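# Overview (structure and organization)
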Amino acid sequence: MRPSRDQAWETLTRYTTNEALLRHALAVEASVGYYARLYGEDEEFWRATALLHDFDYEIHPTLDKHPQDGAPILREEGYPEELIDAVLSHAEHLEIPRDTQLKKVLFACDELSGFVHACGLVRPAGLDGLEPKSVKKKLKQPSFAAGVHRDEVYEGAELLGLELDEHIANVVAAMQPIASELGLRTAADAVQE
Ligand SMILES: [Fe+2]
Ligand SMILES: [Fe+2]
């Protein structure tokens, strides 16, 4: 079966109630979907994969289980191996080769979407007007969003063959339309204050 985005959302929300995790899934979905469109790929399939990449994190919050113990669940639910393999490949510790464009994009968007989200949360206008250079400045401050692995952000841009500035600009543009779902303010909110 070719999974739909809504089906993936249904699976995700059956296993995940934590709001931060759901927002992370939506942010990565938006970024991966943006690249699917940019590259002329199967956007629905890429979105479904992105939504599910951490679907088991709430039930498997440690790396001895996540994401590998989630794979049999996805298989049971009828998701294709192509999706499951891409989901597994986002985890560094499994050392699965990132040999498809989807795997590269998923890896490249995972940490950066979280980081851009954190940048948006501390700005009155959220993501509006957020420039790559200020994101890069914050990447160099180890205490800001300390949980985000910087090396994976840099590695991701490299994997896509993009300048970091361009990759950041793409992820910001991808997440902007869903800012309110991500709990972010917008320029319009900032004006009203
Ligand atoms: Fe993960
Ligand atoms: Fe993730």
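This text follows the structure it describes.
Here we summarise the structure given alongside this text. Being a predicted model, the structure only gives us computed values, none of them experimental.

Of the regular secondary structure elements, the protein holds 10 helices and 0 strands. In sequence order, the protein lays out its α and β elements as α-α-α-α-α-α-α-α-α-α. Over its C-alpha trace the protein gives a radius of gyration of 16 Å, about what one expects of a compact globule, namely 16 Å for 193 residues. Considered along the principal axes of its C-alpha atoms, the protein spans approximately 50 × 35 × 35 Å.

Time to look at the packing of aromatic side chains. Going through the model one piece at a time under the given rule, you end up with 4 aromatic pairs. Aromatic side chains Y34 and Y35 sit 6.2 Å apart centroid to centroid with 80 degrees between the ring planes, which places their arrangement in the edge-to-face category. Looking at Y34, the relative accessible area reads 22%, which means it is partly exposed. Put simply, the rings of Y34, Y35 and Y39 pair up and form one aromatic cluster. The aromatic ring of F45 is capped on one face by R2, whose charged end is 4.0 Å from the ring centroid. Sitting over the ring of F144, K138 keeps its end group 5.4 Å from the ring centre.

Further remarks concern the coordination of the iron ion (ligand 2). At the metal site, the iron ion (ligand 2) is ligated by H24 (NE2), H53 (NE2), D54 (OD) and D110 (OD), and these contacts range over 2.1 to 2.2 Å. The site at the iron ion (ligand 2) holds 4 donor atoms, and with the angles between them running 85 to 177 degrees, its shape is irregular. When the donors of the iron ion (ligand 2) are listed by position in the chain, the intervening gaps give H-x28-H-D-x55-D. The distance between the iron ion (ligand 2) and the iron ion (ligand 1) comes to 4.1 Å, and D54 binds to both of them. One end of the pair, H53, is in the loop between helix 3 (43-52) and helix 4 (71-76); the other, D110, is in helix 6 (residues 101-121), and 57 residues separate them in sequence. D110 shares its class with H53; the two are buried.

For the iron ion (ligand 1), the protein coordination sphere consists of D54 (OD), H66 (NE2) and H90 (NE2), at 2.1 to 2.3 Å. Sequence positions of the residues that donate to the iron ion (ligand 1) give the spacing D-x11-H-x23-H.

If a residue is not glycine, its phi is most likely negative; likewise, a peptide bond is most likely trans. The omega torsion across H66 and P67 is -5 degrees, close enough to zero to call that bond cis. Note that P67 resides in the loop between helix 3 and helix 4. Positive phi values are uncommon outside glycine, yet E95 reaches one of about 50 degrees. Secondary-structure assignment places E95 in the loop between helix 5 (81-89) and helix 6. The exposure class assigned to E95 is exposed, which follows from its relative accessible area of 69%.

Tracing the sequence through the fold places R23 in helix 2 (residues 19-39). Sequence separation of R23 and C119 is 96 residues, and the distance between their C-alpha atoms is 14 Å. Excluding anything up to four places from it in sequence, R23 contacts H117, E181, L182 and G183.

For the pair helix 3 and helix 5, the least separation of the axes is 9 Å and the interaxial angle reads 45 degrees. Relative to helix 5, the element helix 3 lies oblique. Helix 5 is crossed by helix 3, and the crossing has right-handed handedness. Within the contact between the two elements, helix 3 uses F45, A48, T49 and L52 and helix 5 uses E82, L83, A86 and V87. Across the contact of helix 3 with helix 5, the residue classes break down as 6 nonpolar, 1 polar and 1 charged.

Here we take up helix 8 (residues 150-160). Those residues of helix 8 lying buried are R150, E152, V153, G156, A157 and L160. Projection of helix 8 onto a plane perpendicular to its axis shows the buried side chains occupying an angular sector of 165 degrees, all on one side. Set apart from the buried face of helix 8 by more than 90 degrees, the exposed residues are D151 and E158. Those residues of helix 8 that are buried are in contact with helix 2, helix 6, helix 7 (132-139) and helix 9 (164-175). Backbone geometry just downstream of helix 8 places G161 in the positive-phi region, at approximately 70 degrees.

Rules used throughout
- Residues numbered from 1 in each chain as written.
- Chains lettered and ligands numbered in written order.
- Predicted model: local features only at pLDDT ≥ 70, side-chain atom pairs only at ≥ 80, totals over all residues.
- Heavy atoms only, no water.
- Helix = DSSP H or I, 4+ residues; strand = E, 2+ residues; numbered from the N terminus.
- Rg over C-alpha atoms; globule rule 2.2 N^0.38 Å.
- Phe/Tyr/Trp six-rings, centres within 6.5 Å; stacked < 30°, edge-to-face > 60°.
- Buried < 20%, exposed > 50% of the residue type's maximum accessible area, 1.4 Å probe, protein only.
- Lys NZ or Arg CZ within 6 Å of the ring centre and 35° of its normal.
- Donors = N, O, S within 2.8 Å, 3.2 Å for Na, K, Ca; no water.
- Tetrahedral: all angles 85-135°; square planar, octahedral: opposite > 155°, others 65-115°.
- Contact = heavy atoms within 4.5 Å.
- Axes fitted to C-alpha atoms, helices over the stretch in contact; angles between N-to-C directions.
- Parallel < 35°, antiparallel > 145°, perpendicular 65-115°, else oblique.
- Left-handed = near helix turned anticlockwise from the far one by under 90°.
- Nonpolar A, V, L, I, M, F, W, Y, C, P; charged D, E, K, R; others polar.
- Arc of directions from axis to C-beta.

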